[in-house]
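Next come the chains, spelled out residue by residue.
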Amino acid sequence: MDLGSLLQEVRDRHGEFDVLAHWTQGEFHHDVVIRVDRFAPLPGPVLVVSTNCNGGVKEVLCFGEVPDRYALWHHRCPGVPEFIGALPPIAAQARTSHYFDPCELLAADARSELRPEFRERDVGGGWRARCGQPGSTREPGETRGSTPGESCP
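How each quantity is defined
For every chain, the first residue of its written sequence is number 1, and the numbers climb from 1 along that sequence. The model is predicted, so local features are restricted to residues of pLDDT at least 70 and side-chain atom pairs to those at 80 or more, both for listing and for counting; the totals for chains, interfaces and linings are taken over all residues. In computing side-chain properties, one takes all heavy atoms of the structure into account and sets aside hydrogens as well as water. A pair of sulfur atoms, both from cysteines and within 2.5 Å, is called a disulfide here. Helix and strand assignments follow DSSP, with helices taken as H or I runs no shorter than four residues and strands as E runs no shorter than two, numbered in order from the N terminus. Working definition: with a 1.4 Å probe on protein chains only, accessible area under 20% of the residue-type maximum means buried, over 50% means exposed, and in between means partly exposed. The pairing criterion for strands is at least two bridges between them, as found by DSSP. Lines fitted to C-alpha atoms define the axes here, with helix axes fitted over just the stretch in contact, and angles between the N-to-C directions of these axes take values from 0 to 180 degrees. Two aromatic rings from Phe, Tyr or Trp, using only the six-membered ring of Trp, form a pair when their centres are within 6.5 Å; if the ring planes differ by under 30 degrees the pair is stacked, by over 60 it is edge-to-face, and anything between is tilted. For a lysine, the NZ atom is tested; for an arginine, the CZ atom; a charge sits over a ring if that atom is within 6 Å of the ring centre and within 35 degrees of the ring normal. Residues count as neighbours in contact if any of their non-hydrogen atoms are within 4.5 Å of one another. Note on charges: Lys and Arg go in the positive column, Asp and Glu in the negative column, and His and the chain ends are not counted at all. When a carboxyl oxygen of Asp or Glu lies within 4 Å of a side-chain nitrogen of Lys or Arg, that pair is called a salt bridge.

Visitor: What's the story with the state of the cysteines in this structure? I'm lost.
Guide: Throughout this description, disulfide means a covalent bond between two cysteine sulfur atoms. The full count for this structure, using the stated rule, is one disulfide. Paired through a disulfide, Cys77 and Cys103 show a sulfur-sulfur distance of 2.1 Å. Taking the sign of the torsion about the S-S bond as the criterion, the disulfide between Cys77 and Cys103, at about -115°, is left-handed. With Cys77 in the loop between helix 2 (69–76) and strand 5 (90–95) and Cys103 in the loop between strand 5 and strand 6 (119–121), the pair connects residues that are 26 residues apart, well separated along the chain. A relative accessible area of 2% places Cys77 in the buried class.

Spelled out as structure tokens, the structure:
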């Protein structure tokens, strides 16, 4: 039920894999995108593993190709105008007891561990550390981005 155990299980059953992306949405949601061997006995070679901030696995989605980050969120929360795009077909899906509606993380009054003066709204909703604050992955003087390592104003 945690990311480390799941990745070890994937390695044990299907061999090595490639980590293609790690996307965060707000403080509490992570999507880790991995590609397993195309000959692995899975419905598709791409897995999107969704976790909470503690690495607890909430959901695993299986695809034939890598989904667009915002298309994935559009699928999850179609009412959020910042999320657009078409999602490739979901070949398989599993949810754990950690799962809850991810749209709850996007509300204007969503829970945050960051004080208001040290946070900013993420693209589509949720909170992230304000640029230049501890925990921010972005550097001052750069333009705003929504992916860790991208820039901020």
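Visitor: I tried to follow the sheet that holds strand 2 (residues 29–36) on my own but got confused; where do I start?
Guide: Within a sheet, each strand pairs with its neighbour through backbone hydrogen bonds, oriented either parallel or antiparallel. Spatial ordering of the open sheet is given by 1-2-3-4-5, a layout of five strands whose pairing is antiparallel. The open sheet is flanked by strand 1 (17–25) and strand 5, the only strands paired with a single partner. Going across the sheet, the axis of each strand differs from the next one's by a mean of 15°, ignoring polarity. One ladder, built from six bridges, connects strand 3 (residues 46–51) with strand 4 (residues 57–63); its direction is antiparallel. Along strand 4, the bridge assignment pairs Leu47 with Cys62.

Visitor: Would you mind going over the packing of aromatic side chains with me for this structure?
Guide: Ring pairs (aromatic) are described by centroid distance and by the angle formed between their planes. Using the criterion set out here, one finds two aromatic pairs in the structure. For the ring pair Tyr70 and Phe83, a centre distance of 5.9 Å and an interplane angle of 15° mean the geometry is stacked. Of this pair, Tyr70 sits in helix 2 while Phe83 sits in the loop between helix 2 and strand 5, and the two are 13 residues apart along the sequence. On the numbers, 5.7 Å between centres and 35° between planes, the contact of Trp73 with Phe83 is tilted. Of the two residues, Trp73 is situated in helix 2 and Phe83 in the loop between helix 2 and strand 5; the sequence distance between them amounts to 10 residues. Side by side, Trp73 and Phe83 carry an identical accessibility label, which is buried. Every member of this aromatic cluster is reached through a ring pair, and the members are Tyr70, Trp73 and Phe83. In this arrangement the basic side chain of Arg76 is found over the ring face of Trp73, its NZ or CZ atom lying 4.7 Å from the centre.

Visitor: Which parts of the structure should I look at to understand the environment of Glu113?
Guide: Counting through the fold element by element, Glu113 comes out in the loop between strand 5 and strand 6. Beyond its immediate sequence surroundings of up to four residues, Glu113 is in contact with Glu27 and Phe28.

Visitor: I'm lost on the side chain of Arg119 in this one. Help?
Guide: As for its position among the elements, Arg119 is in strand 6. Among buried charged residues, Arg119 stands out as having no salt bridge; its nearest opposite-charge side chain is Glu27, 5.6 Å away. Those residues in contact with Arg119, other than ones at most four positions away along the chain, are Ser112, Leu114, Trp127, Arg128, Ala129 and Arg130.

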